[in-house]
Amino acid sequence: MMKVMIVRDYDEMSRRAAEIVKEQILKKPDTVLGLATGSTPLGMYKYLIEMHKNGEIDFSNVITFNLDEYIGLSPDHPQSYHYYMYENLFNHINIKKENIHIPNGVAEDLEEECKRYEREIRRIGRIDLQILGIGVNGHIGFNEPDESIETKTHIVTLTEETINANKRFFKSIEEVPRRAITMGLSSIMKARKIMLLASGSNKAKAIKETLKGRLTTKVPSTVLALHPDVTIIIDKGAASLLTDEELANVELTD
Ligand code: F6R
């Protein structure tokens, strides 16, 4: 059963999430972390940096795999997920460069890049703790709602909803890349533990669908109900549409 933690606000969500990451790394210093970008994990990354600076977390043996990257944005592009990760986390902790994995959105052969990324994940084994945000349409990684979804690392065409949601990071909507490389649901679901974070009432509908207990590729996050160890940390806004019906499907924790 999915565990759900309903917390006061964004800051508390971020702090609780960082504590879970810290515990994981203390338990297993060579933890393989699956990482997300976007607005949601920013606060968690700030706490992780602070914990590292206080000597509470050593990242020297940690391995990371990012979920996704925009196609066409080079690592030095300020809106690329490479740039985001260095700016918001990697530059401030003692992680080794060779332990960082992010799909290359400017690879000459993008199909081959997907295969290479998939091989890299498999070479390391499996992800110990996968951190996820959620799209307003229920996407996880950039696995967008569709009739069917490829399960391995693949190229996706972003939906209008996602392009609209992400235009806030770009000067104009035209600049938002239309395609991305994303880790597949297979690697996400193979993770030993998954932690999904959501904050704000714009995520309330996606969270409600996720907890409904009805699996559909039209809401990719619904697949999480099949995973044995999922913790969902949401604030009051993201929890605002939940009724007894959804809450009966989960284990509430604090
Ligand atoms: C980002 C990712 C996406 C985001 C989602 C929510 O690496 O994989 O699934 O987690 O789009 O984005 P925010 O947090 O900006 O609302």
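Residues numbered from 1 in each chain as written. Predicted model: local features only at pLDDT ≥ 70, side-chain atom pairs only at ≥ 80, totals over all residues. Heavy atoms only, no water.

Asks: Explain the site of the ligand residue by residue, including any values.
Replies: As a matter of local geometry, the ligand sits amid 14 residues, with Thr40, Asp68, His139, Gly141 and Lys203 nearest to it. Within the side chain of Thr37, one N or O atom sits 2.8 Å away from an oxygen atom of the ligand. In isolation the ligand offers 410 Å² of accessible surface; the protein chains occlude 94% of this area. Spatially, the ligand is embedded in the largest pocket. In terms of residue class, the shell around the ligand is built from three nonpolar, eight polar and three charged. (Near = heavy atom within 4 Å. Polar contact = N/O pair within 3.5 Å; in protein donor to acceptor, adjacent residues only side chain to side chain. Areas by Shrake-Rupley, 256 points an atom, 1.4 Å probe, with all protein chains shown as cover. 1 Å grid on protein atoms, 1.4 Å probe; cavity = no way out; pocket = protein on both sides within 12 Å on 5 of 7 lines; lining within 4 Å. Sits in = over half its atoms within 2 Å of the grid points. Nonpolar A, V, L, I, M, F, W, Y, C, P; charged D, E, K, R; others polar.)

Asks: Outline the layout of surface pockets, listing residues and values.
Replies: Looking at the largest pocket, its volume works out to about 680 Å³. If you go around the largest pocket, you meet 36 residues; those closest to its centre are Thr37, Gly38, Ser39, Arg168 and Phe169. Counting only elements with at least two residues in the lining of the largest pocket, the list comes to β4 (68-70), α3 (81-88) and α5 (160-166). Ranked by residue count, the leading element in the lining of the largest pocket is α3, at five residues. (Points joined across faces, edges and corners; volume = space filled by probe spheres on them. Helix = DSSP H or I, 4+ residues; strand = E, 2+ residues; numbered from the N terminus.)

Asks: Hey, could you go over the packing of aromatic side chains for me, with residue numbers and the actual values?
Replies: The final tally for this structure, using the stated rule, is eight aromatic pairs. Relative to Phe142, the ring of Tyr70 lies with its centre 5.9 Å away and its plane at 40 degrees, an arrangement referred to as tilted. Here Phe142 lies in the loop between β6 (129-132) and β7 (154-157) and Tyr70 lies in strand β4, a separation of 72 residues in the sequence. Relative accessible area serves as the criterion here: at 3%, Phe142 is assigned to the buried category. Chaining the aromatic ring pairs together yields one cluster made of Tyr45, Tyr70, Tyr81, Tyr84, Phe142 and Phe170. (Phe/Tyr/Trp six-rings, centres within 6.5 Å; stacked < 30°, edge-to-face > 60°. Buried < 20%, exposed > 50% of the residue type's maximum accessible area, 1.4 Å probe, protein only.)

Asks: I'd like a description of the UniProt feature "domain: Glucosamine/galactosamine-6-phosphate isomerase" (unreviewed entry) in the chain, backed by residues and values.
Replies: Summarizing the sequence annotation, UniProt attributes the feature "domain: Glucosamine/galactosamine-6-phosphate isomerase" (unreviewed entry) to residues 12-225 in the numbering used throughout. When the span residues 12-225 is considered, its composition is 34% helix and 14% strand, and the gap between its end C-alpha atoms is 24 Å. (UniProt positions renumbered as here; feature names shortened; annotations may be inferred.)

Asks: Go over the UniProt feature "active site" (unreviewed entry) in the chain, please, and point to the residues and values.
Replies: This chain's UniProt record puts "active site" (unreviewed entry) on Asp68, Asn137, His139 and Glu144. Here, the largest pocket is lined by Asp68 and His139 out of the annotated residues. Relative to the helices and strands, Asp68 is located in strand β4. Judged by relative accessible area, which is 5%, Asp68 ranks as buried. Apart from residues lying up to four places away in sequence, Asp68 is in contact with Thr37, Tyr81, Ile102, Pro103, Gly141, Phe142, Ile181 and Thr182. Here the side chain of Asp68 touches Phe142 through a polar contact of 3.3 Å, landing on its backbone nitrogen. With respect to the secondary-structure elements, Glu144 resides in the loop between β6 and β7. In contact with Glu144, other than residues within four places in its own chain, are Asn137, His139, Ile149, Thr157, Leu158, Thr159, Thr162, Thr217 and Pro220. Reaching out from Glu144, the side chain makes a polar contact with the side chain of Asn137 at a distance of 3.0 Å. (Contact = heavy atoms within 4.5 Å.)

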